[in-house]
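Here is how the chains run, residue by residue.
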Amino acid sequence: MTREQRRALFRLIVGSTSEGAGELPADVRRAALDGADLPGATGELVTRIREAAHLVEGAHVTAAREEGHSDRALYELTVVTSLGESKRRLEAVLELLGRKG
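Residues numbered from 1 in each chain as written. Predicted model: local features only at pLDDT ≥ 70, side-chain atom pairs only at ≥ 80, totals over all residues. Heavy atoms only, no water.

**Observations regarding the side chain of R29**
Part 1 of the argument: With respect to the helices and strands, the residue R29 is situated in helix α2 (residues 26-34).
Part 2 of the argument: Salt bridges are absent for the buried R29, whose nearest opposite-charge side chain, E76, sits at 4.1 Å.
Part 3 of the argument: Sequence-distant contacts of R29, defined by excluding residues within four places in its chain, comprise S16, T17, S18, E19, G20, A21, G22, L24, E76 and V80. (Helix = DSSP H or I, 4+ residues; strand = E, 2+ residues; numbered from the N terminus. Buried < 20%, exposed > 50% of the residue type's maximum accessible area, 1.4 Å probe, protein only. Lys, Arg positive; Asp, Glu negative; His and termini not counted. Salt bridge = Lys/Arg side-chain N within 4 Å of Asp/Glu carboxyl O. Contact = heavy atoms within 4.5 Å.)

**Quick look at helix α3 (residues 40-52)**
Part 1 of the argument: The end-to-end C-alpha distance of α3 is 18 Å, a good match for the 18 Å that 13 residues give at a rise of 1.5 Å each.
Part 2 of the argument: Listing the buried residues of α3 in full gives A41, T42, G43, L45, V46, I49, R50 and A52.
Part 3 of the argument: For α3, the secondary structure elements touched by its buried residues are α2, α4 (58-66) and α5 (71-96). (Expected span 1.5 Å × (residues − 1).)

**Thoughts on the packing of α3 against α4**
Part 1 of the argument: At a minimum axis separation of 8 Å, α3 and α4 run at an interaxial angle of 145°. For the crossing formed where α3 meets α4, the hand is left-handed. Side by side, α3 and α4 meet where A41, T42, L45 and R48 of the first sit next to H60, V61, A63 and A64 of the second.
Part 2 of the argument: For the contact of α3 with α4, the residue count by class is five nonpolar, two polar and one charged. (Axes fitted to C-alpha atoms, helices over the stretch in contact; angles between N-to-C directions. Left-handed = near helix turned anticlockwise from the far one by under 90°. Nonpolar A, V, L, I, M, F, W, Y, C, P; charged D, E, K, R; others polar.)

**Examining a nonpolar patch on the surface**
Part 1 of the argument: Nonpolar side chains collect at one region of the surface, where M1, L9, L12 and I13 lie side by side and expose about 410 Å² of accessible area between them.
Part 2 of the argument: Relative to the helices and strands, M1 resides in the segment before α1 (3-19).
Part 3 of the argument: Looking at M1, the relative accessible area reads 66%, which means it is exposed. (Patch = residues over 30% accessible without salt bridge, like charges linked within 9 Å, V, L, I, M, F, W, Y side chains within 5 Å. Areas by Shrake-Rupley, 256 points an atom, 1.4 Å probe, with all protein chains shown as cover.)

The following block contains the structure:
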């Protein structure tokens, strides 16, 4: 697979997870993908995933559930948050290396 094919595949995955059908509203998925702040326990969970996913605890998930999110919605939120953060980190590295993303 070429670099351009990998980029195209990544764009397809990002587009389908943020804009495609889902339980979580698309605007919330886009906000998580783009790194926007989200309110409440959901926002705290997203921030934790972005900054230190290995430190997410059951209490973070439980608090987001208590705001009315199902496990499926929280899974969608985790995926788009992770994709967005991985994209930001890749772009930062490429910039440091003097390459375009």
